[in-house]
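Examining the three-dimensional arrangement
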Amino acid sequence: MTTIDARPLALDDNAADLLFRDARTANSFSDEPVTDEQLQSIYELTKFGPTLMNAQPLRVVAVRSGDAKNRLLPHMAEGNRAKTGSAPVTLVLGYDVDFHEQLDKTFPHVPGAKDRFPDEGVRHGIGRDNAFLQIGYLILAIRAAGLAAGPMGGFDREGVDTEFFPDGRTKSVLVVNIGNPGDNPWLDRLPRLTYDDVVTEL
Ligand SMILES: Cc1cc2nc3c(=O)[nH]c(=O)nc-3n(C[C@H](O)[C@H](O)[C@H](O)COP(=O)(O)O)c2cc1C
């Protein structure tokens, strides 16, 4: 199979363009604010994405004030500082290594589910994997709100954890700028692998 016709999708073309085909990673942002209502609406979509045993390990710090931005910027890789400075809101994303403590609430039909995770090393793996899954949903939810996302892995995790997750139980994994695109926001679109490159049909 070499071509994929978009028409088999249930999603209409405008939504598919907004979420996927026309959506880009923004590298600069305008002054237009991101409202609390937009942030809440983004989370209200993100929360429905599936996670292992409904564990939902993702934790979010929304960095908006100048003071909080000044605490974040020194921990960003140099090439990520200007774009982070320009974004009206920057999300610092981590996982709760003690996510299992919520399982009585989030997986209530299996009493004692939380007791299945005594090994902290295992929890780090599950927490990180599932937080990244949730970040995928989050990026699509940001796009669904009509905003652009700029994910960044280039930052000092220890520094960010000390500054934003001082409780020690939350570990940062990614930082994501959100807002409306500013001047010259896009890099060239990079090639995507094809269906045949990626999928083996058996
Ligand atoms: C996990 C992750 C880490 C990334 N880290 C950085 C980063 O540190 N700095 C940066 O400028 N872009 C970073 N990016 C952006 C990617 O390079 C970009 O999303 C990708 O090339 C697709 O670009 P497009 O959406 O414009 O097609 C990161 C993206 C992801 C998902």
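Residues numbered from 1 in each chain as written. Predicted model: local features only at pLDDT ≥ 70, side-chain atom pairs only at ≥ 80, totals over all residues.

**Quick notes on the overall build of the protein chain**
- In terms of regular secondary structure, the protein chain is built from 8 helices and 4 strands.
- What you see in the protein chain, going N to C, is helices and strands ordered as α-α-β-α-α-β-α-α-β-α-β-α.
- Relative to the globule expectation of 17 Å for 202 residues, the C-alpha radius of gyration of the protein chain, 18 Å, shows essentially globular dimensions.
- Along the longest, intermediate and shortest principal axes, the C-alpha atoms of the protein chain span 50 × 45 × 30 Å.
- The buried share of the protein chain, taken over its 202 residues, is 30%. (Helix = DSSP H or I, 4+ residues; strand = E, 2+ residues; numbered from the N terminus. Rg over C-alpha atoms; globule rule 2.2 N^0.38 Å. Buried ≥ 20, exposed ≤ 12 C-beta atoms within 10 Å, placed from the backbone.)

**Some remarks on helix α6 (residues 120-144)**
- Across its 25 residues, α6 extends 35 Å between first and last C-alpha, which sits within 8% of the 36 Å expected from 1.5 Å per residue.
- Tucked inside the fold, the buried residues of α6 contact α1 (13-21), α2 (36-46), β1 (58-63), β2 (89-96), β3 (148-152) and β4 (170-179).
- Once α6 ends, the next one or two residues include Gly146, with phi positive near 80 degrees. (Expected span 1.5 Å × (residues − 1). Contact = placed C-beta atoms within 7 Å.)

**Remarks on the sheet that holds β3**
- Pairing within the open sheet is antiparallel, and its 4 strands lie in the order β1-β2-β4-β3. Whereas interior strands pair on both sides, the edge strands pair on one side only; in this sheet they are β1 and β3. In this sheet, adjacent strand axes meet at a mean angle of 25 degrees when their direction is disregarded.
- Strands β1, β2 and β4 of the sheet are contacted by helix α7 (residues 157-164), whose axis makes an angle of about 90 degrees with β4. (Pairing = 2+ DSSP bridges. Axes fitted to C-alpha atoms, helices over the stretch in contact; angles between N-to-C directions.)

**Describing the packing of α2 against α6**
- Contact geometry for α2 and α6: axes closest at 8 Å, N-to-C directions at 135 degrees. Viewed along their axes, α2 and α6 adopt a mutual orientation that is oblique. Taken as a pair, α2 and α6 cross one another with a handedness that is right-handed. Listed contacts from α6 to Ile42, Leu45 and Thr46 of α2 are Gln134, Tyr137, Leu138, Ala141, Ile142 and Ala144.
- Looking at the contact of α2 with α6, its residues break down into 7 nonpolar, 2 polar and no charged. (Parallel < 35°, antiparallel > 145°, perpendicular 65-115°, else oblique. Left-handed = near helix turned anticlockwise from the far one by under 90°. Nonpolar A, V, L, I, M, F, W, Y, C, P; charged D, E, K, R; others polar.)

**Focus on the site of the ligand**
- In the neighbourhood of the ligand, the contacting residues comprise Arg24, Thr25, Ala77, Asn80, Pro151, Met152, Gly153, Gly154, Leu174, Arg189 and Leu190.
- When grouped by side-chain class, the residues that make up the shell around the ligand number 5 nonpolar, 4 polar and 2 charged. (Near = placed C-beta within 6 Å.)

**Details of the nonpolar core**
- Judged by nonpolar contacts, the single largest core of 33 residues is most densely connected at Val92, Leu93, Ile142, Ala149 and Ile178.
- Contributions of two or more residues to this core are made by β1, β2, α6, β3 and β4.
- A total of 7 residues in this core trace back to one element, the largest contributor, which is α6.
- Residue contacts for Val92: discarding those within four places in its chain leaves Val61, Val63, Leu72, Val160, Phe164, Ser172 and Val175. (Core = buried A, V, L, I, M, F, W, Y, C linked by C-beta atoms within 7 Å.)

**Details of unusual backbone geometry**
- For Asn54, which is not a glycine, the phi torsion comes out positive at approximately 55 degrees.
- Counting through the fold element by element, Asn54 comes out in the loop between α2 and β1.
- The exposure class assigned to Asn54 is partly exposed, which follows from the 16 C-beta atoms found within 10 Å.
- Its identity as a non-glycine residue notwithstanding, Asn184 has a phi of 45 degrees, on the positive side.
- You can see Asn184 is positioned in the loop between β4 and α8 (195-198).

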